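# Inside the fold
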Amino acid sequence: MSESFPRLSARTRRFTLGVPRGFTISPDGGRVVFLRTRSGTDPVTCLWELDTETHVERLVVDPRTLHADDENLPPEERARRERSREAAGGVVAYGADAALTRAAFALSGALYVVELASGETRRLETPGAVIDPRLSPDGRQVAYVTGGALHVQDLDSGRGEVLATPESPTVTYGLAEFIAAEEMDRMRGYWWSPSGDALLVERADEEPVDTWYIADPANPSRPAVAQRYPAAGTPNARTELFVLGLDGSRVAVPFEEEYLTTAAWDDHALSIVTMTRDQKTLRLFSVDPATGVSTLVREDTDPAWVDIVTGVPAHLDDGSLVWVATSEGGHRLFVGDRAVTPPTLQVRSVLDVDHDSVLFSASGGDPTDIHLWTWDGHSLLPVSTRSGVFSGRMSGGVGVLSEQSLDAEGVSTTVVRRDGMAVPIPSYAERPGLDLRVSLGRSGRRELATAVVLPSWYEQGSGRLPVLMDPYGGPHAQRVLNRRGAFLESQWFAEQGFAVIVADGRGTPGRGPAFERAVLGDLATPALEDQIDALQGVAEQYPDDLDLSRVAIRGWSFGGFLAALAVLRRPDVFHAAVAGAPVTDWRLYDTCYTERYLGHPDEQPEVYDNSSLFADAPKLERPLLLVHGLADDNVVAAHTLRLSSALLAAGRQHSVLPLSGVTHMTPQEVVAENLLLLQVDFLKKSLG
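All of the points below concern the structure found in this document. Every value quoted in this text rests on a predicted model; they were computed, and no experiment measured them.

### Here we look at the environment of E120
Residue position: E120 is located in the loop between β8 (110–115) and β9 (121–124). Taking the C-alpha atoms as reference, E120 lies 9.9 Å from R102; in sequence the two are 18 residues apart.

Structure (structure tokens):
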């Protein structure tokens, strides 16, 4: 008997195991190094290399041969994986030299360096558990963090030295602080110079940040874990920058803004990007590494907020700046001072700069498609033309193209050589075993991107189905994308007898700055209105198939907030809800995310009140299931517990499912499987 979808989804980490990822292309385009597990159910990630000329693929590092216990991770590495939503184990990250001849990685806190040509792997002795090892561009040195200190070790002599030692237990050198990793997509805290003789290093001091305690009530003998959490309106960690030379020199790089969003160090400039606390001003500086003096290169402002875009700043071979900014109503690619993309093409990220060419991702008229484009110095050229979701890398004139669509299962990855020949990199991911029946379109007054998912066995017009709204619904994230993987769980719920609707409302990307900024000052009203708008629009399109007297909603994180909000504020529309890890009071969520949309709580308390759920507790008249991991350090369990207390005080019946030892990711197989089954059972009973 084949495995059920919930069990298989749990075992495969939602069908991500076995998919190639983490690509690095050698400068001459002759080799591609990447990560992949050996099967769709194997959680141990290996390092591989593909020769683009011979098409021969080779296993370089298998952690099992190194006898590394992947469960023995230092706390800092567990936190890093939680921030990056890393669900697998093994070699989940690596740092290579510029020529792609060596790579460094950590396993269970131990430091390893591999010679990519031979596969010879050696373990280096370190004074403690290693976090984020990165090779110098020449491959002769490896830097890493242990115990909050930044170390550098010479690979030829084996001699190591400490470049920076924390002055107190709250200080770290070389690590991204919580806000940078969770909300800015910055997972690193140091950058090598191109010559390999110095590093730009972040010093983070969490002393000003409030201490919260994450307890494990199921194991009362264990002490609560202390965590510094910068909730909205409270102090952030203090961040500073230093250029640390291998000769022992230390040069401060001062900046005034609250946030360091990113940094880059190439042959043209040492660059840092900073952002003010109100997130309305973004500044790009060029830094003199010898003196630490910064020169303002560019300043972007926005009355709502400025956007942080991955992949910039970067430079072409002639030194021209590559940048992304909002201009004339669109997110646009700039080369130098000139916008080279039209306002109608919404640039999402810069993926690579290869000499004089820029590879970037963007959406045009349809936000469900994410395409690849290049700017070659003269014109824009589409790399992908079919409908779907694309990503890629580019170096030495060779590209790696990853494609997903509704027409094919999984992820298709291809290396495109300079001569145009395509070399596939196979995926070992498991097949979900579902017959998808997904229709993408627009619905409602605002023509929202919407997916309608029907049971594979259902004949239209044969009877009205109960409806399940399945949103995320929050800003800067999408659910409705032209790829099968986005709808696997939704299809499984549909197979249980629901018509499932997934809709992206205002705040979601792909439709331009005005659509995204419609949630400024109110995270509740636009999100809820748009789910209702989408529901009514789909009901008009399927007049004989939807039973609007039985409408449920489920979601996780922001989607959990939206689900609880729906039954509290619009019980006339929504008749049951499952709210997983919901934000219930935005004062309890972090500074950077929350203040971007709602401002400072001391300055706009009414905005926070309007977007939070506690005052709505007495209104509950529909079945509500609250689910929360007690080890969640992102949306802490206090959100659910406080809403439950408010509901109890109001005499409102509800259900709470606490998950002992579970974080925001719910990676445990048994938990992930049974969560789906319990949700279906709750929704069926609640809707009758």
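### Focus: empty space enclosed by the protein
Scanning the model with the defined rule gives two cavities of 30 Å³ or more in all. Looking at the largest cavity, its volume works out to about 80 Å³. Forming the walls of the largest cavity are E177, F178, I179, E206, V209, R228, P230, N236, A237, T239, E258 and Y259. Tallied by class, residues from the lining of the largest cavity come to six nonpolar, two polar and four charged. Of the volumes computed, that of the second largest cavity is approximately 30 Å³. Along its surface, the second largest cavity is lined by L73, P74, E77, R81, A106, L107, S108, G109 and V130. Of all the secondary-structure elements, those providing two or more residues to the lining of the second largest cavity are α2 (75–84) and β7 (102–107). Residues that form the lining of the second largest cavity fall into these classes: five nonpolar, two polar and two charged.

### Quick look at the nonpolar core
Among the nonpolar cores identified, the biggest contains 86 residues, and W323, L333, F574, W586 and L624 are the most heavily contacted of them. Once you skip the residues sitting within four places of it in the chain, W586 turns out to touch A232, L523, F558, F561, Y593, T594, L598, Y608, S611 and S612.

### Thoughts on the packing of aromatic side chains
In the structure shown here, the tally under the stated rule is 18 aromatic pairs. Ring geometry for F23 against F34: centres 6.0 Å apart, planes inclined by 35°, an arrangement best described as tilted. With F23 in strand β1 (residues 21–25) and F34 in strand β2 (residues 31–37), the pair connects residues that are eleven residues apart, well separated along the chain. On the basis of relative accessible area, F34 is assigned to the buried category, the value being 0%.

### Considerations on the sheet that holds β7
Strand pairing within a sheet occurs via backbone hydrogen bonds; the two strands may be parallel or antiparallel. Sheet architecture is open: four strands sit in the order β6-β7-β8-β9, paired in antiparallel fashion. The outermost strands of the open sheet, each flanked by one partner alone, are β6 (95–96) and β9. One ladder, built from two bridges, connects β6 with β7; its direction is antiparallel. Note on β7: the bridge partner recorded for G95 is A104.

### Topic: the sheet that holds strand β12 (residues 149–154)
The four strands lie next to each other as β10-β11-β12-β13, forming an open sheet whose pairing is antiparallel. With partners counted over all chains shown, the strands left at the sheet margins are β10 (131–135) and β13 (160–164), one partner each. Looking at each pair of strands side by side, their axes are set apart by 25° on average, direction ignored. For β12 and β13, the ladder comprises four bridges, and the chain directions are antiparallel. Paired with Q153 across the two strands is G160, which belongs to β13.

### Some thoughts on the side chain of R484
As for its position among the elements, R484 is in the loop between β39 (465–469) and α4 (488–495). Buried charge without a partner: R484 forms no salt bridge, and the closest opposite charge is E409, 4.1 Å away. For R484, the contacting residues outside a window of four places in its chain are S405, L406, D407, A408, E409, L434 and L436.

### What about the environment of A638?
Within the fold, A638 resides in helix α10 (residues 638–649). When the C-alpha positions of A638 and S363 are compared, they lie 38 Å apart, and in sequence the two are 275 residues distant.

### Section: the pattern of salt bridges
Under the definition given, this model contains 49 salt bridges. Ionic pairing is found between D132 and R134, a salt bridge with its closest N-O pair at 3.2 Å. D132 gets classed as buried once you look at its relative accessible area, which sits at 14%. Where R238 meets E207, a salt bridge forms, and the shortest distance between an N and an O atom there is 3.6 Å. Of this pair, R238 sits in strand β19 (residues 238–245) while E207 sits in the loop between β16 (198–205) and β17 (211–214), and the two are 31 residues apart along the sequence. Taking relative accessible area as the criterion, E207 reaches 43% and is therefore assigned partly exposed. Salt bridges sharing common partners tie together R14, D470, R479, E489 and R554.

### Re unusual backbone geometry
Put simply, V312 and P313 share a cis peptide bond, and its omega is 10°. Considering the arrangement of structural elements, one finds P313 in the loop between β24 (294–301) and β25 (314–315). Phi angles above zero are rare outside glycine, and F15 is one such case at about 65°. Along the chain, F15 falls in the loop between α1 (5–11) and β1. Look at E447: it is not a glycine, yet its phi comes out positive at around 50°.

What counts, and where the lines are drawn
Residues numbered from 1 in each chain as written. Predicted model: local features only at pLDDT ≥ 70, side-chain atom pairs only at ≥ 80, totals over all residues. Heavy atoms only, no water. Helix = DSSP H or I, 4+ residues; strand = E, 2+ residues; numbered from the N terminus. 1 Å grid on protein atoms, 1.4 Å probe; cavity = no way out; pocket = protein on both sides within 12 Å on 5 of 7 lines; lining within 4 Å. Points joined across faces, edges and corners; volume = space filled by probe spheres on them. Nonpolar A, V, L, I, M, F, W, Y, C, P; charged D, E, K, R; others polar. Core = buried A, V, L, I, M, F, W, Y, C linked by side-chain atoms within 4.5 Å. Buried < 20%, exposed > 50% of the residue type's maximum accessible area, 1.4 Å probe, protein only. Contact = heavy atoms within 4.5 Å. Phe/Tyr/Trp six-rings, centres within 6.5 Å; stacked < 30°, edge-to-face > 60°. Pairing = 2+ DSSP bridges. Axes fitted to C-alpha atoms, helices over the stretch in contact; angles between N-to-C directions. Lys, Arg positive; Asp, Glu negative; His and termini not counted. Salt bridge = Lys/Arg side-chain N within 4 Å of Asp/Glu carboxyl O.

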